[in-house]
Amino acid sequence: MKVEKTEEKEVSLNFIERIIEEHNANGRFGGRVHTRFPPEPNGYLHIGHAKAIYTSFTIAQRYGGKTNLRFDDTNPTTERTDFVNAIQKDIQWLGFQWEGEPKYASDYFQQLYDYAVQLIKQGQAYVDFSTAAQMDTMKKAGTASPYRNKPVEENLAWFEKMKNGELADGTCVLRLKIDMKSDNWLMRDPVIYRIKKETHHRTGDKWAIYPMYDWAHGLSDSIEGITHSLCSLEFEVHRPLYDWCLEQLKVYQSQQIEFSRMNVNYTVTSKRKLKELIDLEKVNGWDDPRMPTISGMRRRGYTPVAIKDFIARAGVSRRPQIIDLSNLEASVRNHLNQIAKRVMVVLDPIKVVITNYPEGQAEELTIENNPEDETAGTRQVKFSRHIYIEREDFMIDPPKPKKYYRLAPNKTVRLKGAYIIQCDDYVTDPETGEITELHCSYVPNSKSGEDTSGVKVKGTLHWVNQEDAVEVETRLYDRLFMDENPTGRKESYRDENNKKRKRPIDFKTFLNPDSLKVEKAYAEPYLKGATMEDHFQFMRKGYFVLDQDSTEDKMIFNRTVTLKDGWKRR
RNA sequence: UCGGGCGUGGCCUAAUGGUUGAUGGCACCUGACUUUGAAUCAGGAGGGUGUAGGUUCGAGUCCUACCGUCCGAUCCA
């Protein structure tokens, strides 16, 4: 029996948890779990980072551990304080809190310098005056630099001069002396310090040299007592170097573990490409609701709960994952369905006259705010002779009458929370042929909740009372790219020798021209009390959230995601 | 070219060598219900685990080769 099997089933561990349990069993870290999230403050966080954040924070939580936030700020050229702030805001918005104060690799610059001096003294690092091009050539050939075996004292002196700013940028670098013949190119005497006379966002002009990632990262982990340093797969080849540095210095040994980063189709997550979209004004900034950034998703109306649910469902593994957008949208809909207040908004209106409802008369109807949540309460909605319905909810000549539930001549529908109406006639503009008005009659004893009419209808339409309708702006978003893999396409061409070749297609070619549509809409007055914290379901239209661009007299709503559409046309 | 990683339904994922029932979610299809063609409920289709060998009483799990794919040679992180 299936039921029994389900009951027996245990929650399976992912591969990182297994490693941790192994460490806990053999006592490597004394049962401690301390992770870190190490963003570089040179851009905004995106969905891929959200997975890294989620993974590092939740795995520590699961084992009663802690997580540091550490800014990997070793390259002053690209790093800025405003990114530092935005990153902190995003992490907290997702619902995570790091241990203590935020940390910075720059906090350890002196320590990192001292460690470098130590390695020079151990004869394992040297100052190299070769040019970048020469170094590149030697790396490929696997040959040693002429500076490789200079005396320790000389290296010490030069490194000191580097630090003191006595040498111009690019004069020389400090390299590790490891193995110029290694199959792993990163071990062919990697550069660990370069001269950069630039102002750092935190240390100002104190330093003329800055450590490279491979030197700063592992040692920062070690200094902070990080047990499990989780990172993405592309750093796997760095692990031997990571381990080498800690071993040679005989310092605390953190364990780097790599997992695959998360990609979602129909989007891009490279910081460079996101920045390009902003610079070319294809989108309106890092927090444009079409961006896969955390701030963009926040503005779009995605919730932390939904994003975390999505990441949890995707899981963590070492297989490259390109997850279908529908998974993210499903998580978003799932959460919003539980919390969103229902409200009626007509996006593309057509006037309806209820011909047998007296002019000047009106009544208040009571409608529940969220059928999924009784505590959400009810609201009053006014009904009268003149209302709007959605233009697409009426057809003069429906294609498949039996499967068509909406309004058409002589057909009946229920108006949500109100009465059943029948369409008796329609008016068209003699010039354009466009339908301008519907004439309907309502069934008086069919009022919602006290219907004694016995009339059965298949369809229910949302509607808005004309008299007190509020005009709002809606921003309807769709995927930013039309191709599911905008950065991975290639095209054939012929070169100057008429030889067939392939080259990558510019990802911007695939931008969706209809990724944003701005529409006026009519909303029921209840919406006037909306704040940016509220999530709404515009009935039958999708989930919406108030945008920050809204003003006193103009409310703007972003469509977070459409409702699932079970109605297949034709 | 070299080095490394990864190949389980369309997309993720489980299976920790052990019963030909290979999990679960998303997507998809059908039906029920419905005052949201949503939600909910019930059901369904779709893979034999990249390929070929091998080890084993037994392989998605181990080994070898091949194929595919991704990553890696910044004074970036």
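In case you missed it, the structure is sitting above this.
Residues numbered from 1 in each chain as written. Chains lettered and ligands numbered in written order. Predicted model: local features only at pLDDT ≥ 70, side-chain atom pairs only at ≥ 80, totals over all residues. Heavy atoms only, no water.

Explain empty space enclosed by the protein to me, using residue names and the numbers behind them.
Evaluated as defined, the whole model comprises 1 cavity of 30 Å³ or more. Within this model, the largest cavity holds a volume of roughly 40 Å³. Along the walls of the largest cavity sit Tyr213, Asp214, His217, Gly218, His238, Leu241, Tyr242 and Gln256, which together make up its complete lining. (1 Å grid on protein atoms, 1.4 Å probe; cavity = no way out; pocket = protein on both sides within 12 Å on 5 of 7 lines; lining within 4 Å. Points joined across faces, edges and corners; volume = space filled by probe spheres on them.)

Just give me the short version of the packing of helix 5 (residues 109-121) against helix 8 (residues 213-224), but keep the residues and values in it.
Helix-helix packing is described using two parameters, namely the angle between the two axes and the distance between the axes. Across the interface, helix 5 lies against helix 8 with an axial gap of 11 Å and an inter-helix angle of 110°. Here helix 8 runs roughly perpendicular to helix 5, going by the angle between their axes. Mapping the contact onto sequence places Gln111, Leu112, Tyr115, Ala116 and Leu119 in helix 5 and Trp215, Ala216, Leu219 and Ile223 in helix 8. Class assignment of the residues belonging to the contact of helix 5 with helix 8 gives a composition of 8 nonpolar, 1 polar and no charged. (Axes fitted to C-alpha atoms, helices over the stretch in contact; angles between N-to-C directions. Helix = DSSP H or I, 4+ residues; strand = E, 2+ residues; numbered from the N terminus. Parallel < 35°, antiparallel > 145°, perpendicular 65-115°, else oblique. Contact = heavy atoms within 4.5 Å. Nonpolar A, V, L, I, M, F, W, Y, C, P; charged D, E, K, R; others polar.)

Can you tell me about unusual backbone geometry, naming the residues and giving the values?
Unlike most non-glycine residues, Asp189 shows phi in positive territory, near 50°. Structurally, Asp189 can be placed in the loop between strand 5 (173-176) and strand 6 (191-195). Although it is not a glycine, Lys250 sits at a positive phi angle of roughly 55°. Position of Lys250 relative to the elements: it lies in the loop between helix 9 (239-249) and strand 9 (255-259). Exposure remark for Lys250: the relative accessible area of 73% places this residue in the exposed category. (Buried < 20%, exposed > 50% of the residue type's maximum accessible area, 1.4 Å probe, protein only.)

That's the geometry; what it means functionally is another story.
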